[in-house]
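Remarks on the overall topology
Each chain, written out:
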Amino acid sequence: MLENYQLRYHARVQLGGGIFRSPWLNMLLACAVIPAASALSASLLFVGAIALFVVTGALQYGLARVTVRCARGQNWSVGQVFCGFNEGFVKTLLLHLVQTIFIFLWTLLFIIPGIIKTYSYAMVYYLQQEPGNVNKEPTDLLTESRRMMDGYKFKLF
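Anyway, here's the lowdown on the structure attached to this text. Each residue is numbered by its place in its chain's sequence as written, counting from 1. Only residues with pLDDT of at least 70 get local features here, since the model is predicted, and only at 80 or more are side-chain atom pairs given and counted; chain-wide, interface and lining totals rely on the full set of residues. Hydrogens and waters are ignored; side-chain quantities use all the structure's heavy atoms.

**Focus: the pattern of salt bridges**
The criterion, for reference: Each salt bridge in this description consists of a side-chain nitrogen of Lys or Arg and a carboxyl oxygen of Asp or Glu lying within 4 Å of one another. Numbering of helices and strands starts at the N terminus; helices are DSSP runs of H or I of at least 4 residues and strands are runs of E of at least 2. Accessibility here uses a 1.4 Å probe with only protein chains present; expressed as a share of the type maximum, an area under 20% marks a residue as buried, one over 50% as exposed, and anything in between as partly exposed.
The final tally for this structure, using the stated rule, is three salt bridges. For arginine 65, the salt bridge goes to glutamate 87, with nearest N and O atoms at 2.7 Å. Residue arginine 65 is found in helix α4 (residues 45-71), and its partner glutamate 87 is found in the loop between α4 and α5 (89-109); the two are separated by 22 residues along the sequence. The class of arginine 65 is buried, set by a relative accessible area of 16%. Since its relative accessible area comes to 33%, glutamate 87 is described here as partly exposed. For glutamate 144, the salt bridge identified is with lysine 136, shortest N-O distance 2.8 Å.

**Looking at the packing of helix α6 (residues 111-120) against helix α8 (residues 138-149)**
For clarity, the threshold we go by: To define axes, lines are fitted to C-alpha atoms, for helices over the stretch in contact only, and angles between the resulting N-to-C directions are given on a 0 to 180 degree scale. By definition in this entry, angles of less than 35 degrees are roughly parallel, angles greater than 145 are roughly antiparallel, angles of 65 to 115 are roughly perpendicular, and the rest are oblique. Any two residues having at least one pair of non-hydrogen atoms within 4.5 Å are treated as being in contact. In this classification, Asp, Glu, Lys and Arg are treated as charged, Ala, Val, Leu, Ile, Met, Phe, Trp, Tyr, Cys and Pro as nonpolar, and every other residue, Gly included, as polar.
The interhelical angle for the contact between α6 and α8, taken along N-to-C directions, is 95°, at an axis separation of 8 Å. Accordingly, the angle class assigned to the pair α6 and α8 is roughly perpendicular. Contacts between α6 and α8 involve Lys117, Tyr119 and Ser120 from the former and Ser145, Arg146 and Met149 from the latter. A per-class count over the contact of α6 with α8 returns two nonpolar, two polar and two charged.

**Some details on the environment of arginine 147**
Note that arginine 147 resides in helix α8. Looking at arginine 147, the relative accessible area reads 56%, which means it is exposed. The spatial distance from the C-alpha of arginine 147 to the C-alpha of tyrosine 121 is 9.3 Å, given a sequence separation of 26 residues.

**Here we look at the packing of aromatic side chains**
Pairs of aromatic rings are described using the distance from one ring centre to the other and the angle between the two planes. Quick reminder of the rule: Only Phe, Tyr and Trp rings take part, Trp by its six-membered ring, and two of them pair if their centres are within 6.5 Å. Stacked means planes under 30 degrees apart, edge-to-face means over 60, and tilted covers everything else.
Inspection of the entire model under this criterion finds five aromatic pairs. Here phenylalanine 82 and phenylalanine 85 contribute two aromatic rings whose centre-to-centre distance is 6.4 Å and whose plane-to-plane angle is 25°, an arrangement assigned as stacked. Ring centres 6.0 Å apart and planes at 75° place the aromatic pair tyrosine 119 and phenylalanine 157 in the edge-to-face group. Taken together, the positions of tyrosine 119 in helix α6 and phenylalanine 157 in the segment after α9 (153-156) put the pair 38 residues apart, joining distant regions of the chain. For phenylalanine 157, a relative accessible area of 65% puts it in the exposed group.

Take it as geometry only, folks, not as evidence of what the structure does.
Right under this line is the structure:
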């Protein structure tokens with residue numbers, strides 16, 4: 001039976017000498033940022049909920065950036081998850097606010113339309129990454145995402 005330090009050593013060797021050199025582990029770490037922020041804010045109740053709402057748009061923007069870079073085979077790092085805080089933070093906050101309001105209003109009709117609109121608006125942060133879409137209005141991005149997701153919502157599900 002191998003000791004714990006031997007198991008760690010073998011794992012490091014299989015990962016190429018460093019755990020954070022593996023793109024899959026980096027992506028897993030990048031995707032864990034938003035749930036970790038949610039868990040942290042849940043303990044702070046009202047103030048935490050407001051803080052989470054303010055930072056969620058920027059974090060989702062950063063996660064979209066990392067995902068796009070990874071899919072295109074470009075270099076990226078886990079720190080890029082936080083790029084939404086210094087690249088148009090107000091625009092991502094406004095986009096998140098408008099998206100949340102629209103989803104909330106659709107949810108008032110019944111829960112199913114809210115879920116459908118959540119999937120319809122799933123591409124807004126990816127669309128915001130494109131060079132021509134940087135200065136687009138949030139409603140234009142939501143409309144473009146809705147058009148893009150026509151016929152593909154179940155695939156995303």
